[in-house]
Amino acid sequence: IRDRDVTGVQKCALPIYQQSLQAFRQLADRPYQAEVLIHLGDVQAATGDRIAALDAWRLAFVILSNLRHPDADAVRTRIQDHGSAVPDVGQDYR
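Residues numbered from 1 in each chain as written. Predicted model: local features only at pLDDT ≥ 70, side-chain atom pairs only at ≥ 80, totals over all residues. Heavy atoms only, no water.

Visitor: Quick question: what am I supposed to make of the overall build of the protein chain here?
Guide: Of the regular secondary structure elements, the protein chain holds 4 helices and 0 strands. Reading the protein chain from its N end, one meets helices and strands in the order α-α-α-α. When burial is assessed residue by residue, the protein chain has 31% of its 94 residues classed as buried. For the protein chain, the share of sequence-separated contacts (at least 6 apart) that also reach a separation of at least 24 residues comes to 53%. Surface accessibility of the protein chain: about 5900 Å² in total, with carbon and sulfur atoms responsible for 52%. (Helix = DSSP H or I, 4+ residues; strand = E, 2+ residues; numbered from the N terminus. Buried < 20%, exposed > 50% of the residue type's maximum accessible area, 1.4 Å probe, protein only. Contact = heavy atoms within 4.5 Å. Areas by Shrake-Rupley, 256 points an atom, 1.4 Å probe, with all protein chains shown as cover.)

Visitor: Would you mind showing me how to read the packing of aromatic side chains here?
Guide: Two measures describe an aromatic ring pair: the distance that separates the ring centres and the angle between the ring planes. All told, the structure shown has 1 aromatic pair when counted by the stated rule. Plain terms: the ring middles of Phe24 and Tyr32 are 5.2 Å apart, the flat faces sit at 20° to each other, and that makes the pair stacked. (Phe/Tyr/Trp six-rings, centres within 6.5 Å; stacked < 30°, edge-to-face > 60°.)

Visitor: So what exactly am I meant to see when it comes to the packing of helix α3 (residues 50-66) against helix α4 (residues 72-81) here?
Guide: Each pair of packed helices can be described by the angle between their axes along with the distance between the axes. Closest axis-to-axis distance for the α3/α4 pair is 9 Å, and the angle between their directions is 155°. Considering the angle they form, α3 stands roughly antiparallel to α4. Seen along the crossing, α3 lies across α4 with a hand that is left-handed. Of the residues in α4, those touching α3 at Leu54, Trp57, Arg58, Ala60, Phe61, Leu64 and Ser65 are Ala72, Val75, Arg76, Arg78 and Ile79. Looking at side-chain class alone, the contact of α3 with α4 contains 8 nonpolar, 1 polar and 3 charged residues. (Axes fitted to C-alpha atoms, helices over the stretch in contact; angles between N-to-C directions. Parallel < 35°, antiparallel > 145°, perpendicular 65-115°, else oblique. Left-handed = near helix turned anticlockwise from the far one by under 90°. Nonpolar A, V, L, I, M, F, W, Y, C, P; charged D, E, K, R; others polar.)

Visitor: I would appreciate a short explanation of the pattern of salt bridges in the present structure.
Guide: Two side chains carrying opposite charge are able to pair once their charged atoms lie near each other. Within the structure shown, the criterion is met by 3 salt bridges. Of the charged contacts, one joins Asp55 and Arg58 as a salt bridge, the two residues approaching to 3.2 Å between their closest N and O atoms. Of this pair, Asp55 and Arg58 both sit in helix α3, 3 residues apart, roughly one helical turn. Across the pair Arg76 and Asp73 runs a salt bridge whose closest N-O atoms are separated by 4.0 Å. Here Arg76 and its partner Asp73 are both found in helix α4, 3 residues apart, which amounts to about one turn of the helix. (Salt bridge = Lys/Arg side-chain N within 4 Å of Asp/Glu carboxyl O.)

Visitor: Help me understand the nonpolar core in this model?
Guide: A general feature of soluble globular proteins is that nonpolar side chains tend to end up buried together. Ranked by internal contacts, the top residues of the largest apolar core, which has 16 residues, are Leu37, Trp57, Ala60, Leu64, Val75 and Ile79. Ranked by the residues each element gives to this core, the list is headed by α3, at 8 residues. Every residue in contact with Ile79, bar those within four places of it in the chain, is listed here: Leu54, Trp57, Arg58, Phe61, Ser84, Ala85, Val86 and Pro87. (Core = buried A, V, L, I, M, F, W, Y, C linked by side-chain atoms within 4.5 Å.)

Worth remembering: the numbers are spatial, not functional.
Next up, the structure:
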């Protein structure tokens, strides 16, 4: 698969992740919200939307930090690797 084909497949994944995120929000399933946000951010980064990716990862980080989930550290690193500040974990996300 050529690079442009991969980007097309990734762009097709965006609405699926967004629909999944809405479903997990309706179910109030915060761990799965965070998981979807991480994957959504990965796809957004791969398709060149760095700002949206950082937003998704920041939301995932806040959720995981509030849950004291061990994956929060990996998301923190991802945010920092993309040259951005990590959000204050005192803020809550819904």
